[in-house]
Amino acid sequence: MEDSIQHLGHCLVDMKELSANAERISTAGGIRTSKLEQVELSLACNDLVALGRDRKPNALVQVAVIDPHKQHLVSHGCTEIVEANKDPLFLTGVTFPSDYPETLVKLMVYDVKDKNQESGSLLGSATFSVGDLLRTKDEQLTLNLRSSDGVCTAGTVVVSRLKMGEMEGVEVDHIATNTPSHRCPIVCEPAHHCCVDQEENLLTGPVFRNPVCKVYTFQTTDSKRMIVREQMEECTLSFSIPKQLLSLYIQEDMSRVQDLTELGELSPHWDNLRKEVITRYGGIISSYQETLAELDKITGCSFKPSCCKAQKSLEFIPINLHTQRMRVSCLKKTDAFYDIVTVGAPAAHFQGFKSGGLQRLLSRYEADKKSFSTACQCIYYSPEHTAKAQEVLSITSLLQPLITSLADQLLQAAQEHSSPGLRDALKSLSDKTEQFVHTLKDELVKSALLALHAARPGYVSKSQRQSAVQGHHQGHIGTDGEQNQIPGQSPATPEPTATCNNVEGCQTPTGEEAELGKTKNQDSIPHHKEYDEEEWDRVWANVAKCLNCVIAMVDKLQEEDNNKQESAPEQQLADVITSHTPGDWKEQLYPVVTRLKECVKEVVEKAKKAMTFVLLQEAVCSLPQGFGLQQRRDVVFSQALAALACGFVLRLYAGMQDKGFLKQLHLVGLVAQFESLLSTYSEEIGMLEDMEVGISDLHKVVFKITEAKTADLSELQPFLCGRRDHFTVEVPLPQPIFQTLPEEIKEGRPLRVFPVLFNVGINEQQTIAERFGDISLQERINQKNFEILDAYYKLLNEKVPLECLPCFQAQTDIKELLETLGQNVVTKKRKNVEILWIAGAICRRLNGIRFTSCKSAKDRTSMSVTLEQCALLRDEHQLSKDFFVRALDCMRREGCRIENVQKNIRCRKYAFNILQLMAFPKCYRPPDGTYGKANS
């Protein structure tokens, strides 16, 4: 009897609900892992009877759970369709958490006549409980399939338990496959895989949650069986990193407003410009505070679905960020793991792409800024100068309190009369003070102080001064060079005598020095007769002189102490020692140490004002476009940083026991390879331009591993600190694990990442771009990032032994892969996806972090991830070539990626149509029935 099905009900029960009580504490180190203890089942049917006796059924099994409270079926999973086979063995299995033993499971076998319509006829059904299965000796059940009227037997269904890591030598010659043999091109060389204990490395704990699991059984080339498990999870960093970053942005901008306010009195022209800049900063601060307040209202959510990508309140959140792990279990082999992070392209979707993306906007902005600086009568500072100003502000703000603290430690050691303590404190103080002096050894600070002086009220330009001097019949002529006349400033009669600009502690220059100051040439900076141009040199040099005084005093004290002890008779030695009062050394050191701290403070105050004035001029030249660009850059960077932090933590957790990986981590750092499938046409050009800048900005990020203060899960959340020019992500680990790390990592050495981006468009828009448009953006990105990747490999080769890198079945050398990649990058070839395959292979060979992106990380990304997984199974685990296409279809039809689509748009359809797919490379096309019109 035919039972027509309108929809086979593929609404998988979220594993979050099924495993709510399944979290455990890992015995190996304290990271909480959701062990789940899943029961994984394979399904097969025998002697199926189709309604038409002259044909074999296209079998599919739908798995449902009988709700004991509401007495209705809840759809739990589904197998793939095995065509024209009365004895099908399904590659797609089904997974149940450990708390399901007594729950009734209903298996419904359908004969699917039209895959595109997902409709068919019910052949029969059977019911069992997971507990019944587990209580059998061989953990296998053979159940009769009853037709809908409960009378006829439509065949049998065999349910068997799969055990990861406990493979038996089961031959699978009887598996029928009527799919034509089709070998996909070599997708990529196998990449990073780690062989670790299953109890310690599930993607869970404080950072990863809501796992969705899929299991498959595939045939190897020697007709044995391998079990493959996919596990996809959300990441809490999707929200926590952007929220922390917003707080830091707000804090930095409020500090900038405070610095601008503390610049002191400025001429009316500059004061008006300062007020306008402060108003702009206030608008950004207010906007970011509102966004942060909105995000704080969201609780329990770990990812942003693709349908919300243009929502303003979520613009800082990465799109559809997930991790995916493939675990492979083969006979007599250690289980292998392959990780990848999927995320929508970091881009400012809310702001749109009508004028392009960041790369284009920033280029245009720099050109406009030069002309605007002339109109505003301020000095144009290049991006390098602006970055240097931010660096000076950042480093001095860190070093001043550190130098003060070390100076106090030196005095404490002196008070305790401790020679070793004195030497240690002095060494640390010397190192940090020398770093401080070196940071400020830059002409930018000196020239900025002069420019700031010219912006003070009462400043008189050279031409005005010359007129005044000639009117008074005086022969003193100002210095040479063109001057900027600042409008809005009233002329003032200069005093005939030179002063030190009221800087406390500065000495009046001698007549020779004053004359030298008059003749010094400063073409680009206005001069003030009352300003001593060499004052900064003296103030800056005083820090080094004071440090030398401190060093000399410590040496003197220790030498005197040694001489006294050597010259004193043995019987009087005790008297000599006790004659020292604890305050002797401290009293002698106190004046020179105090002077050092005062000089450092004076230098910081001057440098801070000078660099703040540089940033004020940069902000003035940026009005109003620059502030909008900064907001766009903040948004894009936030998305990219959240993805990077997720990938780093994932890779760190996986490599915790790999000594070679940890050595590479602290000696060189990790490559983070972003694969993009965006086209270079229409809006996606703007997305790619945003993504390029966002990924490039990740070079400003370093990571540090810290020891968690307590075992509480909240203590294991990564913590972000820093400012726009430099950020540090601290990753806490439980004390038992932290103690096993190399000393360099435990001491807090910054761990670097090397972000690289490779893009190849694959859709119909890329076809248009290649034939009628421009793909130079893609070509430039790939060439530039190939050079970065090549430089990273050379650095790695110098510092890390090859033994630290993972081993693979494929023997292709990394150097050969790089040469091949370089050739492909410069080759003019349409949709050259080999660039992506080779770059991904190199990344895994280098222990790197793999990312895959498209617009929403949902459709094209799913095709790429599943293709890469099947290629790894073929190249590393001998997946039978006859099963490659069928395995690929299984993963795309019933795997984690279709669940990702369901999570995002509430529909189990990839957002492709048949015309679009005609333009796709064949290996990126989904199986029939899995695509159609969808709101993405």
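Refer to the structure above for everything that follows.
Residues numbered from 1 in each chain as written. Predicted model: local features only at pLDDT ≥ 70, side-chain atom pairs only at ≥ 80, totals over all residues. Heavy atoms only, no water.

### So, the overall build of the chain
Item 1. Counting its regular elements, the chain contains 26 helices and 20 strands.
Item 2. The buried share of the chain, taken over its 936 residues, is 58%.
Item 3. Contacts in the chain between residues far apart in sequence, at least 24 positions, make up 78% of those at least 6 positions apart. (Helix = DSSP H or I, 4+ residues; strand = E, 2+ residues; numbered from the N terminus. Buried < 20%, exposed > 50% of the residue type's maximum accessible area, 1.4 Å probe, protein only. Contact = heavy atoms within 4.5 Å.)

### Some points on the sheet that holds strand β20 (residues 849–853)
Item 1. With respect to topology, 10 strands assemble into an open sheet ordered β11-β12-β13-β14-β20-β15-β19-β16-β18-β17, the strand pairing being mixed. Both outer strands of the open sheet, β11 (208–219) and β17 (719–723), are each paired with one neighbouring strand and no more. With direction set aside, neighbouring strand axes in the sheet form an average angle of 25°.
Item 2. Pairing between strand β12 (residues 225–235) and strand β13 (residues 322–329): eight bridges, direction antiparallel. Bridge assignment links Q231 to a residue of β13, and that residue is R325.
Item 3. Strand contacts of helix α20 (residues 776–799): β15 (670–676) and β19 (751–759), with the helix running at about 145° to β19, the strand carrying the most contacts. (Pairing = 2+ DSSP bridges. Axes fitted to C-alpha atoms, helices over the stretch in contact; angles between N-to-C directions.)

### A few points about the pattern of salt bridges
Item 1. Per the stated rule, a full pass over the model turns up 39 salt bridges.
Item 2. In this structure, R55 and D111 form a salt bridge, with 2.5 Å as the shortest nitrogen-oxygen distance. Residue R55 is found in the loop between β3 (39–46) and β4 (59–66), and its partner D111 is found in strand β7 (residues 104–114); the two are separated by 56 residues along the sequence.
Item 3. Classification of D111 as buried rests on a relative accessible area of 1%.
Item 4. Here R908 and E899 are joined by a salt bridge, their closest N and O atoms 3.0 Å apart.
Item 5. Put simply, K214, E894, E899 and R908 are held in one network by salt bridges that share partners. (Salt bridge = Lys/Arg side-chain N within 4 Å of Asp/Glu carboxyl O.)

### Observations regarding the nonpolar core
Item 1. Counting 148 residues, the largest nonpolar core has F436, L589, M611, F648, F703 and I705 as the members making the most contacts within it.
Item 2. Here this core gets 19 residues from one element, more than from any other, and that element is helix α13 (residues 583–622).
Item 3. Looking at which domains feed residues into this core, each of domain 2 (234–375 + 625–924) and domain 3 (383–457 + 535–559 + 584–622) supplies at least three.
Item 4. Excluding its chain neighbours within four sequence positions, the residues that come into contact with F648 are L665, L670, F703, I705, V731, L751, V753 and I849.
Item 5. Counting residues in hydrophobic clusters, the runner-up holds 64 residues, among them V671, C854, C870 and C923. (Core = buried A, V, L, I, M, F, W, Y, C linked by side-chain atoms within 4.5 Å. Domains from an automatic or database assignment.)

### Considerations on the packing of helix α21 (residues 814–826) against helix α22 (residues 834–845)
Item 1. Taken N-terminus to C-terminus, the directions of α21 and α22 make an angle of 155°; their axes are 10 Å apart at the nearest point. In terms of their interaxial angle, α21 and α22 are classed as roughly antiparallel. The handedness of the crossing between α21 and α22 is left-handed. Across from I814, L817, L818, T820, L821, N824 and V825 in α21, the residues of α22 making contact are E834, I835, I838, A839, I842 and R845.
Item 2. Split into classes, the residues belonging to the contact of α21 with α22 amount to nine nonpolar, two polar and two charged. (Parallel < 35°, antiparallel > 145°, perpendicular 65-115°, else oblique. Left-handed = near helix turned anticlockwise from the far one by under 90°. Nonpolar A, V, L, I, M, F, W, Y, C, P; charged D, E, K, R; others polar.)

### So, α22
Since the α-helix packs 3.6 residues into each turn, any two residues three or four apart lie on the same face.
Item 1. For α22, spanning 12 residues, the distance from its first C-alpha to its last is 16 Å, which sits close to the expected 16 Å at 1.5 Å a residue.
Item 2. The buried fraction of α22 is high, at 11 of 12 residues.
Item 3. By the burial criterion, the buried members of α22 are I835, L836, W837, I838, A839, G840, A841, I842, C843, R844 and R845.
Item 4. Count one or two residues on from α22 and you reach N847, which has phi positive near 65°. (Expected span 1.5 Å × (residues − 1).)

### Considering helix α16 (residues 683–696)
Item 1. If you check α16, its first and last C-alpha atoms are 20 Å apart, about what 14 residues at 1.5 Å a residue would give, namely 20 Å.
Item 2. The buried fraction of α16 is high, at 11 of 14 residues.
Item 3. Among all positions in α16, only E684, G686, M687, L688, E689, D690, M691, E692, V693, G694 and I695 are buried.

### Quick notes on the pairing of β3
Item 1. Most of β3 is tucked away: seven of the eight residues are buried.
Item 2. Two strands pair when backbone bridges link them, and β3 and strand β6 (residues 94–96) are joined in this way by three bridges, in the antiparallel orientation. Along β6, the bridge assignment pairs E40 with T95.
Item 3. Examined bridge by bridge, β3 and strand β10 (residues 153–162) share seven bridges and lie antiparallel to one another. Following the sheet pairing, E40 is matched in β10 by L162.

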